[in-house]
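Spelled out, the chains give:
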Amino acid sequence: MEYDFLVIGSGPGGYVAAIRAAQLGLSTAVVEKNERFGGTCLNIGCIPSKALLDSSELYARLRASGEAGGQDLESHGIVVGKLDLNLKTMMVRKQKVVERLTSGVGQLFKGNGVQTFNGVGRLVATGKVEVTGTEGKRQTLEARNIVLATGSVPADLPIFPTGKDGFLTSTEALSLKRVPARMVVIGAGAIGLELGSVWARLGAEVTVIELLDQILPGMDSEISRRARSILAKQGLEIVTGVRVLGYEKAGKSASEKSTTGKASKSATGRTGGVILTAEDKDGNKQRLPADAVLVAVGRRPYTEGLGLAELGVKIQEGSGRVVVDEQYQTSLAGVYAIGDLIPGPMLAHKAEEEGIAVAEILAGMPGEVNYDTIPSVVYTWPEVASVGKSEEQLKQEGVAYNKGSFPFRANGRALSMASEDGLVKILADRSSDRVLGVHIVGPWASDLIAEAVTVMEFGGSAEDIARTVHAHPTLSEALREAALAVDGRAIHVLGRKKD
Ligand code: NAI
C-alpha cells in the first residue's frame, strides 16, 4: 500500500507528527531503528537526565544536611541518619521512567492506528523508503509524503577519542556504574551543566570548561552570570574562556573514590585516568586530572545512511542541517524534514511543534510554528528558563526597552521552600510595553516560563501580567512583581524605577 504519511524516526518530532497525521485521517507509518520508540529525548536525553537530576538533587539535599555548614533539612527540623548511595538502584529507577514513557509512545501509535516498522530507513527514491530490519531483511515502503525526523547525535572533538580513556558523551554519562572522583565537562551548555550537576551532587569533583566567556552562551548575560555564581556555590568549578588542547593518560589514578570514600575503579570500569591540558586566552596552561571526561560541545544532525546525498537532498554546508522551505519540504518534492535535522534550536518541544505543523500542512491545514516564542530551559537547580530576546540582542537590534526584575528572596513561597536564589527579569518594548523577553533563574523556572510564553504568544504586555491575579503565595508572583517593576511599581521590593 501507499501511505499518506511516512515518518523516519520516532523521537518527539517524529512520533508527534505521526500521531497528529493519524488524527487527521492520513494513513500513517513510522520507521524506527531502535527497539524502543521515543528517540534521543525519551531514551538517552531529556527524560533519563531529568530522572537523574531529580534523584541526585534529593541525595544532595540530604547530604548537605549532614555536612558542616549544611543547613538544608536540619533547618526544617528534619534529622537525617546515615546516608548512603545505591547508584545501581538510581539507574534502575531512571530506566523504569524511560520504559514507561517509551512504551506509552507504542500504545499511542497503536491507539491511533499508526503502523510501525522496526529497522533502518533509507530514502531510495521519491516516495520510497527501504527499511532494513535487525536480521538484514529488507522491504520497501511507499508513501505520498515522507517526513525525515532522525534527530541529532553528539558532536565530538577530534582531539579526543570517543568511548575510550574515560571520554564520554551524554549517552554514557547517563549510565555510569560508579561515581567518578574527578570529572571534567567540556562545554557549559545545557548538557554540560545538567550532567555536571548530577555527578557533582553524587559526589564527583566536577570542573566545567567553557571555550567562550560565559556559560550558556546566547542566554541573557545577567541570568547566565547569576546561574554561574549559584552553581559555583554548589561546588561546580566553572572555567570560561579556556580551550582544551589535548590529553595524556595519567597511569594509575590516585584520586578515584566512591562517595563513601572507599577506593573503587573508575566510573567507566577502568583504572587510570587522563590529564587534560587546557589554555586560557593569555596562553596560561592548565593540567586537569580526570577519571571521566564528558564532551558536551553541541550536537549535529543525524543523516548517516539516510540516502540524502544519493538523491541530491540539499544540506547546509558546515552545519549539516537539511534545507527546508516554509512548509518543511526539502529540495526533493514529497520529502519533508523537521526537528534537530533542520535549522533552529535543537529542542524536543521545537521538534514537536514542527511535527504537528508538517502533519497539518500535509492534511491541507495551515500548520505553523512561532519561532519567536520557543522557551529554553536548563534543568539545574535552581532552573534557568528564558523566552524571547535577551538584553544583549535588544541592544544589538537597537530596540528601546524597559526592564523589570524581581528577586526570589522577596517571594514568600521561595523563602518557604528555602530556594531563594535567583530572579525573574522581564524586558518590554519601551513604547508599546509588549513583552519581548523573559528570563528566569530560580525554583521551577521551567514551569514559570509557560506563563511568559503564553503572554508573548498573545502579543501581551508587561501590564497584562501585572494586572493578572496570581495566587498567593506562589512562585508565579515573582513574575507579576517583575512585570510591575517594568513600570517601577513592584510592591515587595524598595525603590522606584529610574528613567
Ligand atoms: P550547547 O550547544 O548547548 O553547548 C555546548 C557548549 O560547548 C557551548 O557553550 C560551547 O561554547 C561550548 N564549546 C564548544 N566547543 C568547545 C570546546 N572545544 N571547549 C570548550 N567548550 C566548547 O550543546 P550541548 O550542551 O552539548 O547540548 C546539545 C544540544 O542539545 C543543544 O542544542 C541543547 O540546546 C540541547 N539540549 C537541551 C537541553 C535542555 O533544553 N534542557 C538539555 C540537553 C541538551
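Residues numbered from 1 in each chain as written. Predicted model: local features only at pLDDT ≥ 70, side-chain atom pairs only at ≥ 80, totals over all residues. Heavy atoms only, no water.

(A) Here's a closer look at the overall build of the chain. Counting its regular elements, the chain contains 14 helices and 22 strands. Whereas a compact globule of 499 residues would reach a radius of gyration of roughly 23 Å, the chain reaches 24 Å, a difference of no more than 12%. Considered along the principal axes of its C-alpha atoms, the chain spans approximately 65 × 65 × 50 Å. Within the chain, the fraction of its 499 residues that count as buried is 51%. Considering only intrachain contacts with a sequence separation of at least 6, the fraction spanning at least 24 residues in the chain is 65%. Summed over all atoms, the accessible surface of the chain reaches about 23,100 Å², with 50% contributed by carbon and sulfur. (Helix = DSSP H or I, 4+ residues; strand = E, 2+ residues; numbered from the N terminus. Rg over C-alpha atoms; globule rule 2.2 N^0.38 Å. Buried < 20%, exposed > 50% of the residue type's maximum accessible area, 1.4 Å probe, protein only. Contact = heavy atoms within 4.5 Å. Areas by Shrake-Rupley, 256 points an atom, 1.4 Å probe, with all protein chains shown as cover.)

(B) Representation of the packing of helix H1 (residues 12-23) against helix H9 (residues 348-362). Relative to each other, H1 and H9 sit at 30°, their axes nearing to 7 Å. By the angle between their directions, the pair H1 and H9 is classed as roughly parallel. Handedness of the H1/H9 crossing: right-handed. Together, Pro12, Gly13, Val16, Ala17, Arg20 and Ala21 of H1 and Ala348, Ala351, Glu352, Gly355, Ile356, Val358, Ala359 and Glu360 of H9 make up the contact between the two elements. Of the residues belonging to the contact of H1 with H9, the class tally is nine nonpolar, two polar and three charged. (Axes fitted to C-alpha atoms, helices over the stretch in contact; angles between N-to-C directions. Parallel < 35°, antiparallel > 145°, perpendicular 65-115°, else oblique. Left-handed = near helix turned anticlockwise from the far one by under 90°. Nonpolar A, V, L, I, M, F, W, Y, C, P; charged D, E, K, R; others polar.)

(C) Highlighting the environment of histidine 472. Among the structural elements, histidine 472 can be located in the loop between helix H13 (462-466) and helix H14 (477-486). A polar atom in the side chain of histidine 472 sits 2.7 Å from the side chain of glutamate 477. (Polar contact = N/O pair within 3.5 Å; in protein donor to acceptor, adjacent residues only side chain to side chain.)

(D) Examining the sheet that holds strand E21 (residues 423-429) more closely. Reading across from one edge, E18-E19-E22-E21-E20 is the order of the five strands in this open sheet, with antiparallel pairing throughout. Edge positions in the open sheet fall to strand E18 (376-378) and strand E20 (401-407), since each of these has one partner strand only. Direction aside, neighbouring strands of the sheet carry axes that sit 10° apart on average. Along the sheet face, helix H8 (residues 221-233) touches strand E19 (383-388), E20, E21 and strand E22 (435-442) and points at about 5° away from the line of E22. (Pairing = 2+ DSSP bridges.)

(E) Quick look at the domain arrangement of the chain. Looking at the chain, the domain boundaries give domain 1 (2-153 + 300-369), domain 2 (167-295) and domain 3 (373-486). With centres defined by C-alpha atoms, the gap from domain 1 to domain 2 works out at 27 Å. Taken together, the two surfaces of domain 1 and domain 2 that pack against each other cover about 1,400 Å², and 65% of this comes from carbon and sulfur. Three residues stand out in domain 1 for area buried against domain 2, namely Ile44, Leu53 and Leu87, and they jointly supply 32% of the buried area on that side. Where domain 1 touches domain 2, the interface holds two salt bridges. One salt bridge in this structure joins glutamate 57 and arginine 201, with 3.3 Å as the shortest N-O distance. Where domain 1 touches domain 2, the interface holds six residue pairs in polar contact (both at pLDDT 80 or more). (Domains from an automatic or database assignment. Buried area = accessible area lost by both parts, 1.4 Å probe. Salt bridge = Lys/Arg side-chain N within 4 Å of Asp/Glu carboxyl O.)

(F) Region of the structure containing the state of the cysteines. Inspection of every chain in the model, using the stated rule, returns one disulfide. A sulfur-sulfur distance of 2.4 Å marks the disulfide that ties cysteine 41 to cysteine 46. The sign of the S-S torsion, about -130°, decides the handedness of the disulfide formed by cysteine 41 and cysteine 46: left-handed. With a relative accessible area of 28%, cysteine 46 lands in the partly exposed category. (Disulfide = S-S within 2.5 Å.)

(G) A look at the site of the ligand. Around the ligand sit 21 residues, and of these Ile191, Glu194, Glu210, Gly298 and Val377 come closest. Measuring from an oxygen atom of the ligand, one finds a backbone N or O atom of alanine 190 at 3.3 Å. Considered on its own, the ligand offers 840 Å² of accessible surface; in the complex 76% of this is hidden by protein. Looking at the shell around the ligand, the elements that each hand over two or more residues are helix H7 (190-201) and strand E10 (205-210). Among the elements that take part in the shell around the ligand, H7 stands out by supplying three residues, more than any other. (Near = heavy atom within 4 Å.)

(H) Region of the structure containing the sheet that holds strand E14 (residues 285-290). Spatial ordering of the open sheet is given by E12-E13-E14, a layout of three strands whose pairing is antiparallel. Edge positions in the sheet fall to strand E12 (242-249) and E14, since each has one partner strand and no second. Across the sheet, the axes of successive neighbouring strands diverge by a mean angle of 25°, strand direction being ignored. Of the strand pairs in this sheet, E12 and strand E13 (residues 274-280) are connected by seven bridges, and their pairing is antiparallel. Bridge assignment links arginine 243 to a residue of E13, and that residue is glutamate 279.

(I) Structural view of helix H12 (residues 445-457). If you check H12, its first and last C-alpha atoms are 18 Å apart, about what 13 residues at 1.5 Å a residue would give, namely 18 Å. The elements touched by buried residues of H12 are E18, E19, E22, H13 and H14. Following H12 by one or two positions, glycine 459 adopts a phi angle in the positive range, close to 65°. (Expected span 1.5 Å × (residues − 1).)

(J) Inspection of the pairing of E21 at higher detail. Counted residue by residue, E21 has seven buried out of seven residues, so it is predominantly covered. Side chains Leu423, Lys425, Leu427 and Asp429 project from E21 onto one buried face, and the interleaved Val424, Ile426 and Ala428 project onto a second face that is buried too. By the bridge criterion, seven bridges tie E20 to E21 in an arrangement that is antiparallel. Its bridge partner being in E21, proline 407 is matched across the sheet by leucine 423. Where E21 lies against E22, six bridges are found, and the strand directions are antiparallel. In the strand pairing of E22, lysine 425 is matched with histidine 439.

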